[in-house]
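Structural features, examined
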Amino acid sequence: MKQKISNIHQQILEAKKNGQKLLAILLDPDKIVWENLDHLVVKIKQSPATHIFVGGSIVKATILEDLLAELKQKTNLPVVIFPGDPSQISPQADAILFLSLLSGRNPDYLIEYQVQAAPILKKTNLEVISTGYILIESGNETAVARVSKTKPLNRENLDLVLATALAGEMLGNKLMYLEAGSGAKNAVPLEMIQLIAQNIEIPIIVGGGIVDLHGIQKAYKAGADLVVIGTAFENDSHFFES
Ligand code: 1GP
């Protein structure tokens, strides 16, 4: 196995300080067509991606292990688990986003799963990056809302989203993820990204429903430090060439 990439959180902080914008390609192990994996890896290498996120709402453990092993073997990018639940922990990755679903009021996603995951994580050398996760209403029901049985925050209610992000920062989260949900009809509103960026210090991840390169640039301009692209790249491996 290749050497682990360490200090991913520190690198994100430095990128933010230097105004360098980051991009993660999100791969859902359940949607990977294995015969195409080599082609996918070539396309990831040719893309401007700085990180690979791996995860999904429901993932079979063996597929996760296999995919992580392949990605670590074939790329030099940091591979970060973006888990749907504690079954999605693998020592093969470099880091894991230790998520708290702050927009919801389901205790499983606020503390129960974290309690289940902590002893498992303790035995790995994964870098654990605590991340506030805020789901924003996006025009259609997304897998995160369905699986977590939580409601997203109203996209018009900027005050509540801001209060949630502030609370997440004060609780000690190291990153804040503004999520419209995979395949969202509407991405996170730009004015919302801007407001949160003006009011919190920690790096901001934005994802869900971003379908073109212009959308990525707009999110950066509004204040996103790292943008996540899943569905658009999944549907078109030439996405970044357009
Ligand atoms: C989902 O934010 C990510 O958790 C990416 O969303 O699949 O819509 O790009 P998309």
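Computed from a predicted structure; not experimentally measured.

Rules behind the numbers
- Residues numbered from 1 in each chain as written.
- Predicted model: local features only at pLDDT ≥ 70, side-chain atom pairs only at ≥ 80, totals over all residues.
- Heavy atoms only, no water.
- Helix = DSSP H or I, 4+ residues; strand = E, 2+ residues; numbered from the N terminus.
- Rg over C-alpha atoms; globule rule 2.2 N^0.38 Å.
- Buried < 20%, exposed > 50% of the residue type's maximum accessible area, 1.4 Å probe, protein only.
- Contact = heavy atoms within 4.5 Å.
- Areas by Shrake-Rupley, 256 points an atom, 1.4 Å probe, with all protein chains shown as cover.
- Lys, Arg positive; Asp, Glu negative; His and termini not counted.
- Charge placed at Lys NZ, Arg CZ, Asp CG, Glu CD.
- UniProt positions renumbered as here; feature names shortened; annotations may be inferred.

Our focus in this paragraph is the overall build of the protein. A tally of regular secondary structure across the protein gives nine helices and eight strands. For 242 residues, the compact-globule estimate of 2.2 N^0.38 gives 18 Å, and the C-alpha radius of gyration of the protein, at 16 Å, lies within 12% of that figure. When the backbone C-alpha atoms are referred to their principal axes, the protein occupies close to 45 × 45 × 35 Å. Out of the 242 residues belonging to the protein, those deemed buried represent 54%. Look at the contacts in the protein between residues 6 or more apart in sequence, and 73% of them connect residues 24 or more apart. Of the roughly 11,300 Å² of accessible surface on the protein, 53% is carried by carbon and sulfur atoms. Positive and negative side-chain charges of the protein, numbering 22 and 26 respectively, have mean locations separated by a distance of 2 Å.

Tracing the sequence through the fold places Gln 92 in the loop between strand S3 (79-81) and strand S4 (95-101). Judged by relative accessible area, which is 18%, Gln 92 ranks as buried.

This part takes up the UniProt feature "binding site: Mg(2+)" (unreviewed entry) in the protein. UniProt marks Asp 28 and Ser 57 with the feature "binding site: Mg(2+)" (unreviewed entry), using the numbering shown here. Separation in sequence by 30 residues is not matched in space for these annotated residues, since their most distant C-alpha atoms are only 8.6 Å apart. Considering the arrangement of structural elements, one finds Asp 28 in the loop between strand S1 (22-27) and helix H2 (37-46). A residue is classified by how much of its surface remains accessible, and Asp 28, at 14% relative accessible area, is buried. Not counting residues within four places of it along the chain, the set of residues in contact with Asp 28 comprises Gly 55, Gly 56, Val 59 and Glu 234. Within the element layout of this structure, Ser 57 appears in the loop between strand S2 (51-54) and helix H3 (61-74).

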